[in-house]
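In case you want the letters, here they are:
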There are 2 protein chains.
Amino acid sequence: MAGRTDTKTRILDAAEKLFAERGFSETSLRLITSKAEVNLASVNYHFGSKKELIRAVLARYLDVFMPSAAGEIKRLHNAPEQASLNEIFSSLIKPLLELNKVRQGGTIIFLQLLGRGYIESQGHLRWFITTHYGEYLSTFVQAVSASAPHIPAAEMFWRLHFTLGTIVFTMASADALNEIAAADYDEHNDTEAIIRKVIPYMAAGVAVPVTTN
Amino acid sequence: MAGRTDTKTRILDAAEKLFAERGFSETSLRLITSKAEVNLASVNYHFGSKKELIRAVLARYLDVFMPSAAGEIKRLHNAPEQASLNEIFSSLIKPLLELNKVRQGGTIIFLQLLGRGYIESQGHLRWFITTHYGEYLSTFVQAVSASAPHIPAAEMFWRLHFTLGTIVFTMASADALNEIAAADYDEHNDTEAIIRKVIPYMAAGVAVPVTTN
DNA sequence: GATTAATTTAAACGAGTGTTTAAATTGAGG
DNA sequence: CCTCAATTTAAACACTCGTTTAAATTAATC
């Protein structure tokens, strides 16, 4: 069949969009396969199970994003002077926006998938990410810690998860928030604009001195 | 039957715990009624539908929390000098922790329910909250805005949703995060400790000057 | 072009879902 | 004590879900 993309790819493309929009368990294989215009059974044929499809959808993004982000971090590390927190977080903008070139809407889809995965899964996705991409994560954590040496490691652990929550929750409700912002403030933000809004917020929060009260 | 609580209450008690732990759609009525030791059909008899049960579960907390929180905000407003962002956010600690007296684990359950509601629902819960408790929300937004007058209203809209994402995501994964923190840093935090960690982070983020780059 | 492997297809399976029904049980009020 | 309403109960309903099966079709190899 000429002009028709791979069945496997058609499934992944349809699945990632629906997963990002409505979550994993809210998205049935029947909905995915009908949007992808492939047979229901082809999911189990090509991926084995729905769980493995979810992992494949995420892996397709992580395999692009993680090395790219790690490269940016290393570039900052080789610079003559210590990078600021804002610079470190901002260095993730390019890798994130490059996902838009991989697939239309790739950036927001990736961030939404990440959030869905963290909130929905009971652990199998968390395990998948940390065991497959753990090395990338630790270089990032190390870079952030070096840039805010006044924050103890345990406190940094919590704050980095705060940032994850911030970005992930924001992206999960980005469409709804954008609608309200457009109606109430006549503001129209794309994914990049939202990312650029959230970075100063996160950087300030991560670096704020620890208070004991 | 002596010593046995109201069927309606038994359902609400069992439902809120399960909803907070695993989400709304992941929790079946059969699981709820078996934990509550009541008949399956009693949910539809007392609440009409699962959707209305979800709203009832949330309302039971919001009816306590919202007036209490609004009272604290007004107390700050009547003080001689302008409250700081830290003070405003901190003023929510007491109303939040009071929920622990209403029911065991009430604080974290409430925050987790809020997060589940915002992420899972396609709007019916958002609508329910804003139409039933909108007045409370705007007094809070007003207090925050007055305390950070250098932040434009549109920017504040986004930043307050950032804070919502921060707290809600953190609480949704609080158990898992606490396990890691205990293993890696020998830290043992209860709900209050986590709230006290997150407030400086949020206050710093909300108040950080808007940069144009 | 025949043979073998890879893929696609339609159909069914078994389990789980929220909801409804009608009968059985319980609790008050007269 | 009897009556009537409120509640509880067991059973069934109609539906959706992920997965499996076996036959049909397509693609590749010799």
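Predicted model, so just to flag it, every value in this text is computed and none were measured.

## Describing the protein's contact with DNA strand D
Then, in step 1: Residues in contact with DNA strand D amount to 16 residues; listed here are only the nearest, L29, R30 and K50 of chain A together with T7 and H46 of chain B.
Then, in step 2: Counting only the atoms of DNA strand D that lie within 4 Å of the protein, the sugar and phosphate share comes to 46%.
Then, in step 3: Taking R30 of chain A, its side chain carries an N or O atom lying 2.7 Å from a base oxygen of DNA strand D.
Then, in step 4: Side-chain polar atom of N44 of chain A to a phosphate oxygen of DNA strand D: 3.3 Å apart, as the coordinates give it.
Then, in step 5: Listing elements by their share of the surface near DNA strand D, those giving two or more residues are α2 (29-36) of chain A together with α3 (42-47) of chain B.

## Some points on the interface of chain A and chain B
Then, in step 1: Listed as interface residues are 41 residues of chain A and, on the opposing side, 41 residues of chain B.
Then, in step 2: Both faces combined, the contact of chain A with chain B buries some 3,900 Å², and carbon together with sulfur accounts for 72% of it.
Then, in step 3: When the buried surface of chain A facing chain B is broken down by residue, W158, F169 and Y201 of chain A rank first, second and third, together holding 22% of it.
Then, in step 4: Here chain A and chain B share two salt bridges between them.
Then, in step 5: The salt bridge partner of E155 of chain B is K197 of chain A, with a shortest N-O separation of 3.1 Å.
Then, in step 6: For the pair chain A and chain B, the interface holds 12 residue pairs in polar contact (both at pLDDT 80 or more).

## Focus on the UniProt feature "DNA-binding region" (unreviewed entry) in chain A
Then, in step 1: The feature "DNA-binding region" (unreviewed entry), as annotated in UniProt, sits at residues 28-47 of chain A in this numbering.
Then, in step 2: Within the segment residues 28-47 of chain A, helix and strand shares are 70% and 0% respectively, and the terminal C-alpha atoms sit 15 Å apart.

## A closer look at the relation of the copies chain A and chain B
Note: a rotation about an axis with an accompanying shift along it relates these two copies of the chain.
Then, in step 1: Note on the identical chains: chain A maps onto chain B by a rotation of 180° and an axial translation of 0.0 Å, with an RMSD of 0.0 Å. Taken together, these values place the two copies in the relation of a two-fold axis.
Then, in step 2: Looking at chain A, 100% of its interface residues are interface residues in chain B too, so the copies touch through the same face.

## Overview of the packing of aromatic side chains
Then, in step 1: Tallied over the full model, the rule gives 19 aromatic pairs over all chains.
Then, in step 2: Between Y201 of chain A and Y201 of chain B, the aromatic rings sit 6.0 Å apart at their centres with planes inclined by 90°, giving edge-to-face as the arrangement. A residue pair is termed interchain when its members come from two chains, as with Y201 of chain A in helix α11 (residues 191-207) and Y201 of chain B in helix α11 (residues 191-207). For the residue pair Y201 of chain A and Y201 of chain B, the accessibility class agrees, reading buried in each case.
Then, in step 3: A connected cluster of aromatic rings, assembled from ring pairs, spans F162 and Y201 of chain A together with F162 and Y201 of chain B.
Then, in step 4: A cation sits over an aromatic face here: R103 of chain A above Y61 of chain A, 4.7 Å from the ring centre.

## With respect to the packing of helix α6 (residues 93-102) of chain B against helix α7 (residues 106-120) of chain B
All names here are of chain B.
Then, in step 1: Between α6 and α7, whose axes approach to 6 Å, the crossing angle comes to 115°. Here α6 lies roughly perpendicular to α7, going by the angle between them. Facing L96, L97, L99 and N100 of α6, the residues of α7 in contact are G106, T107, F110 and L111.
Then, in step 2: Residues that form the contact of α6 with α7 fall into these classes: five nonpolar, three polar and no charged.

## Topic: the UniProt feature "domain: HTH tetR-type" (unreviewed entry) in chain A
Then, in step 1: As annotated in UniProt, the feature "domain: HTH tetR-type" (unreviewed entry) corresponds to residues 5-65 of chain A in the numbering used here.
Then, in step 2: Structurally, residues 5-65 of chain A is divided into 75% helix and 0% strand, and its ends, taken at the C-alpha atoms, are 23 Å apart.

## Some details on the side chain of T166 of chain A
Then, in step 1: Tracing the sequence through the fold places T166 of chain A in helix α9 (residues 153-172).
Then, in step 2: Since its relative accessible area comes to 0%, T166 of chain A is described here as buried.
Then, in step 3: A distance of 2.7 Å separates the side chain of T166 of chain A from the side chain of T166 of chain B, its partner in a polar contact.
Then, in step 4: If we skip the residues at most four places from it in the chain, T166 of chain A touches V198, Y201 and M202 of chain A together with F162, G165, T166 and Y201 of chain B.

## A few points about α6 of chain B
Then, in step 1: Buried residues of α6 of chain B: I93, P95, L96, L97 and L99 of chain B, and no others.
Then, in step 2: Lining the buried residues of α6 of chain B we find α4 (50-77), α5 (85-90), α7 and α11 of chain B.

## Points about the protein's contact with DNA strand C
Then, in step 1: Around DNA strand C sit 16 residues, and of these T7 and H46 of chain A together with L29, R30 and K50 of chain B come closest.
Then, in step 2: Per the 4 Å cut-off to the protein, sugar and phosphate atoms form 47% of the nearby atoms of DNA strand C.
Then, in step 3: Contact between DNA strand C and S28 of chain B: a phosphate oxygen at 3.2 Å from a side-chain N or O atom of the residue.
Then, in step 4: A distance of 2.9 Å separates a phosphate oxygen of DNA strand C from a polar atom in the backbone of L29 of chain B.
Then, in step 5: If you list the elements that add at least two residues to the surface near DNA strand C, you get α3 (42-47) of chain A together with α2 (29-36) of chain B.

## Remarks on unusual backbone geometry
All names here are of chain B.
Then, in step 1: If you check the backbone angles, E37 has positive phi at about 55° while not being a glycine.
Then, in step 2: Residue position: E37 is located in the loop between α2 and α3.
Then, in step 3: Its relative accessible area of 56% is what places E37 among the exposed residues.
Then, in step 4: Located in the positive-phi region is D186, a residue other than glycine, with phi close to 55°.
Then, in step 5: Note that D186 resides in the loop between α10 (174-185) and α11.
Then, in step 6: D186 gets classed as exposed once you look at its relative accessible area, which sits at 62%.

Criteria and cut-off values
Residues numbered from 1 in each chain as written. Chains lettered and ligands numbered in written order. Predicted model: local features only at pLDDT ≥ 70, side-chain atom pairs only at ≥ 80, totals over all residues. Heavy atoms only, no water. Near = heavy atom within 4 Å. Polar contact = N/O pair within 3.5 Å; in protein donor to acceptor, adjacent residues only side chain to side chain. Helix = DSSP H or I, 4+ residues; strand = E, 2+ residues; numbered from the N terminus. Contact = heavy atoms within 4.5 Å. Buried area = accessible area lost by both parts, 1.4 Å probe. Salt bridge = Lys/Arg side-chain N within 4 Å of Asp/Glu carboxyl O. UniProt positions renumbered as here; feature names shortened; annotations may be inferred. Least-squares fit on C-alpha atoms with pLDDT ≥ 70 in both. Phe/Tyr/Trp six-rings, centres within 6.5 Å; stacked < 30°, edge-to-face > 60°. Buried < 20%, exposed > 50% of the residue type's maximum accessible area, 1.4 Å probe, protein only. Lys NZ or Arg CZ within 6 Å of the ring centre and 35° of its normal. Axes fitted to C-alpha atoms, helices over the stretch in contact; angles between N-to-C directions. Parallel < 35°, antiparallel > 145°, perpendicular 65-115°, else oblique. Nonpolar A, V, L, I, M, F, W, Y, C, P; charged D, E, K, R; others polar.

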